[in-house]
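Residue-level listing of the chains:
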Amino acid sequence: MINPRQLAFIALRDVHKGAYADVALDRVLQKVDLADCDRRLVTELVYGSVRRQRTLDTLIDQLAKKKSHQQPQDLRTILHLGFYQLRYQERIPASAAVNTTVQLAKENGFSGLTGFVNGLLRQYLRQAEGQRGREAEEKDSLLLPQSPIPHFDPLQLPENPVERLGILHSFPDWIIQVWLEQLGLDDTEKLCEWMNQSPTIDLRINPLRTSIEEVEMALLSAGVLVKRIPFLPQALRLIGSAGSIQKLPGFTEGWWTVQDSSAQLVGHLLDPQPGEVVIDVCAAPGGKTTHIAELMGDKGKIWACDRTSSRLRKLQENSQRLNLQSIQIYTGDSRHFTQFQNTADRVLLDAPCSGLGTMHRHADARWRQTPKSVQELSVLQQELITHTSNFVKPGGVLVYATCTLHPAENEQVISAFLAKSPDWQIESPKGLELPDSAQIAPQGWFKVWPHRQDMDGFFMVRLRKTNNSE
């Protein structure tokens with residue numbers, strides 16, 4: 001019998017040795033044939049334990065004599081799994097969470113510490129239940145009407161708002177600080193909560209092969225619920241679990257591709273027209289490139305550039321599956337290209353970034369990025385926009401987009417570029433349909449805040465090269 005929790009432990013052990021969470025999870029799932037419910041459990045335990053790492057470590061710090069960083073790494077991982085189930089998995093009975101965690105310790109070299117594991121998890125439960133019991137007694141003694149007693153949280157939180165939010169929602173302090181400066185306390189807390197949800201899956205319908213109505217019918221016939229996203233004509237959001245994406249109706253026929261709503265907005269902001277020359281300077285894995293081709297009716301020329309050939313292979317596979325002919329692939333670093341000078345009607349710079357707008361999709365991104373890595377990325381982004389803006393013909397358009405919410409990678413990059421590029425100006429995204437709660441900043445750029453628009457966090461701006469440029 002394959003034990004889903006043991007598989008989660010193996011994947012987490014790899015993550016703590018430096019593997020990406022999705023790669024480590026994929027590695028363990030490929031080796032076994034699991035029922036769908038067990039696959040979902042393994043996935044939830046791995047991503048959840050990585051996502052909630054700071055909170056889980058704080059619980060160990062507060063309940064055990066030795067701090068989390070002093071525990072043997074594998075034992076710390078086992079405790080993470082136990083606390084994650086007790087704290088965040090309401091469907092798993094507390095007794096099952098405790099017993100299976102004790103069993104994990106026994107099977108992975110800690111049989112002498114099973115009493116410690118059992119005691120620590122039960123201490124957490126006792127603190128929660130003890131407080132609930134005391135509150136219940138108080139209610140009875142005051143003859144108050146019976147009402148649900150709130151779950152008491154054994155987690156002790158500091159007064160400092162940055163640390164409090166960081167520990168409660170499991171983010172590094174520096175990310176909380178960046179959001180607080182832009183949003184204030186209430187909105188930052190809502191954003192943290194949103195980023196800890198499981199991500200939704202959006203499809204982008206390929207209008208050259210089918211219609212949104214046809215895809216809706218095919219998915220509903222297969223028992224998959226979907227809903228439309230009002231301001232995006234090609235978007236369908238899957239509701240609930242859909243199983244393997246590749247097995248859904250229309251995948252092999254090229255009727256649709258997976259692409260989040262925010263990323264679909266970028267293509268509409270670029271607004272490419274049939275017959276134009278478009279350069280996507282950081283194209284892989286190709287979601288936006290293929291969208292550009294669809295919006296152009298597959299008429300014209302799209303240069304898809306990227307320096308990573310393995311990621312460009314994914315683009316090639318997708319464009320073949322979607323039956324698109326207008327995309328030409330070019331491998332290399334766009335900062336060094338000279339052959340595209342003044343050749344493009346439109347350029348898309350979907351810049352490499354810290355991904356702080358998509359941390360719900362990438363469980364470990366919050367632990368991998370640092371203020372230093374953000375600064376390094378902002379230098380790269382400025383080099384990219386400075387060089388690739390030369391690819392645009394006079395009168396042409398450049399769209400700069402990132403999936404991060406850090407001003408150093410967004411507003412500051414654009415402000416610095418405009419300060420030294422008098423022949424460029426921001427163009428308001430007229431005609432672009434946006435969600436009701438969305439606001440275009442006075443400067444003309446637009447930021448998607450996930451907790452307001454219920455889609456990935458993005459920054460995007462359309463720039464136009466004036467006709468008097470040389």
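Now for a look at the structure at hand. Owing to the predicted nature of the structure, the values given are computational and were not obtained by experimental measurement. (Residues numbered from 1 in each chain as written. Predicted model: local features only at pLDDT ≥ 70, side-chain atom pairs only at ≥ 80, totals over all residues. Heavy atoms only, no water.)

## Digging into the overall build of the protein chain
The helix and strand inventory of the protein chain stands at 18 helices and 12 strands. The C-alpha atoms of the protein chain give 25 Å as radius of gyration, which agrees with the globular expectation for 470 residues (23 Å, within 12%). C-alpha atoms of the protein chain, sized along the principal axes, occupy 80 × 50 × 45 Å. With 470 residues in all, the protein chain has 55% of them scored as buried. Here the analysis covers contacts within the protein chain between residues at least 6 apart in sequence; of these, 72% occur between residues at least 24 apart. For the protein chain, the exposed area adds up to about 21,400 Å²; of that, 50% sits on carbon and sulfur atoms. (Helix = DSSP H or I, 4+ residues; strand = E, 2+ residues; numbered from the N terminus. Rg over C-alpha atoms; globule rule 2.2 N^0.38 Å. Buried < 20%, exposed > 50% of the residue type's maximum accessible area, 1.4 Å probe, protein only. Contact = heavy atoms within 4.5 Å. Areas by Shrake-Rupley, 256 points an atom, 1.4 Å probe, with all protein chains shown as cover.)

## Focus on the pairing of strand E9 (residues 392–402)
Each regular strand shows side chains that alternate between the opposite faces of the sheet. The buried count for E9 comes to eight of 11 residues, which makes it a mostly enclosed element. Two elements, E9 and strand E12 (residues 458–465), share six bridges in a ladder whose sense is antiparallel. Of the residues in E12, the one forming a bridge with Ala401 is Met460. (Pairing = 2+ DSSP bridges.)

## So, the nonpolar core
Residues Val42, Val46 and Phe83 are the most contacted members of the largest nonpolar core, which totals 47 residues. Within the residue set of this core, elements represented by two or more residues are helix H1 (4–16), helix H2 (21–30), helix H3 (36–51), helix H4 (53–63), helix H5 (73–88), helix H6 (94–107), helix H7 (114–141) and helix H8 (161–169). When residues in this core are grouped by element, the largest group, seven residues, is from H5. Discounting residues that sit within four places of it in the chain, Val46 has contacts with Ala8, Ala11, Leu12 and Leu25. Counting residues in hydrophobic clusters, the runner-up holds 34 residues, among them Leu232, Val278, Ala304 and Ile327. (Core = buried A, V, L, I, M, F, W, Y, C linked by side-chain atoms within 4.5 Å.)

## Details of the packing of aromatic side chains
In total, this model carries 13 aromatic pairs according to the counting rule given. Taken together, a centroid distance of 5.0 Å and an interplanar angle of 80° make the contact between Tyr330 and Phe337 edge-to-face. A residue is classified by how much of its surface remains accessible, and Tyr330, at 29% relative accessible area, is partly exposed. When the centroid spacing of 5.7 Å and the interplanar angle of 70° are considered together, the rings of Tyr330 and Phe340 count as edge-to-face. Of the two residues, Tyr330 is situated in strand E7 (residues 327–331) and Phe340 in the loop between E7 and strand E8 (344–350); the sequence distance between them amounts to 10 residues. Grouping aromatic residues by their ring pairs yields a cluster made of Trp303, Tyr330, Phe337, Phe340 and Phe391. The ring of Phe251 carries the charged tip of Arg321 above its face, separated from the ring centre by 4.0 Å. Above the ring of Phe171, the side-chain terminus of Arg366 is found at 4.0 Å from the ring centroid. (Phe/Tyr/Trp six-rings, centres within 6.5 Å; stacked < 30°, edge-to-face > 60°. Lys NZ or Arg CZ within 6 Å of the ring centre and 35° of its normal.)

## Quick word on the packing of H4 against H8
For the pair H4 and H8, interaxial distance at closest approach is 6 Å and the crossing angle is 95°. One element, H4, and the other, H8, form an angle in the roughly perpendicular class. The segment H4 lies against H8, with Arg54, Thr55 and Thr58 engaging Glu163, Gly166, Ile167, Leu168 and His169. Counted by class, the contact of H4 with H8 contains two nonpolar, four polar and two charged residues. (Axes fitted to C-alpha atoms, helices over the stretch in contact; angles between N-to-C directions. Parallel < 35°, antiparallel > 145°, perpendicular 65-115°, else oblique. Nonpolar A, V, L, I, M, F, W, Y, C, P; charged D, E, K, R; others polar.)

## Here we look at the environment of Leu348
Here Leu348 shows up in strand E8. Sequence separation between Leu348 and Ile292 is 56 residues, and the spatial gap between their C-alpha atoms is 9.5 Å. Those residues within four positions of Leu348 in sequence are excluded, and the remaining contacts are Val266, Leu270, Ile279, Asp280, Val281, Lys288, Ile292 and Val399.

## Remarks on the pairing of strand E3 (residues 235–239)
Of all five residues that make up E3, four are buried, and the element is covered over most of its length. In this structure, strand E2 (residues 225–228) lies alongside E3, joined through four bridges in antiparallel fashion. Looking at the pairing, Arg228 lines up with Leu236 of E3.

## Topic: the side chain of Thr210
Relative to the assigned elements, Thr210 resides in the loop between strand E1 (202–205) and helix H11 (212–221). Of note is the side chain of Thr210, whose polar atom sits 2.8 Å from the side chain of Glu214. When sequence neighbours within four positions are dropped, the list of residues in contact with Thr210 reads Ile205, Val215 and Trp255. (Polar contact = N/O pair within 3.5 Å; in protein donor to acceptor, adjacent residues only side chain to side chain.)

## Notes on a nonpolar patch on the surface
A contiguous nonpolar patch, built from Leu220, Leu225 and Ile239 and spanning about 270 Å² of accessible area, is present on the exposed surface. Relative to the assigned elements, Leu220 resides in helix H11. Classification of Leu220 as partly exposed rests on a relative accessible area of 44%. (Patch = residues over 30% accessible without salt bridge, like charges linked within 9 Å, V, L, I, M, F, W, Y side chains within 5 Å. Salt bridge = Lys/Arg side-chain N within 4 Å of Asp/Glu carboxyl O.)

## Here we look at unusual backbone geometry
Outside of glycine, negative phi angles account for most residues, and trans bonds account for most peptide bonds. For the peptide bond that leads from Ala284 to Pro285, omega is 5°, which places it in the cis range. For Asn323, which is not a glycine, the phi torsion comes out positive at approximately 60°. Structurally, Asn323 can be placed in the loop between helix H14 (309–321) and E7. Its identity as a non-glycine residue notwithstanding, Asp454 has a phi of 55°, on the positive side. A residue is classified by how much of its surface remains accessible, and Asp454, at 37% relative accessible area, is partly exposed.

## A word on the sheet that holds E1
Taken together, four strands build an open sheet; the order of strands is E2-E3-E1-E4 and the sheet is antiparallel. At either margin of the open sheet sits one strand with a lone partner, and together these are E2 and strand E4 (256–258). This sheet shows a mean twist of 35° between the axes of neighbouring strands, independent of strand direction. In the sheet, E1 pairs with E3 via three bridges, with the strands oriented antiparallel. Residue Asp202 lies in a different strand from E3, and its bridge partner there is Arg237.

## Let's talk about the environment of Pro371
Tracing the backbone shows Pro371 in helix H16 (residues 371–388). In the structure, Pro371 is positioned 193 residues away from Val178 in sequence and 10.0 Å away in space, judged by C-alpha atoms.

## Considerations on the pattern of salt bridges
Under the defined criterion, the tally for this structure stands at 24 salt bridges. Linked through salt bridges whose partners overlap, the residues forming this network are Arg307, Asp333, Arg335 and Glu383.

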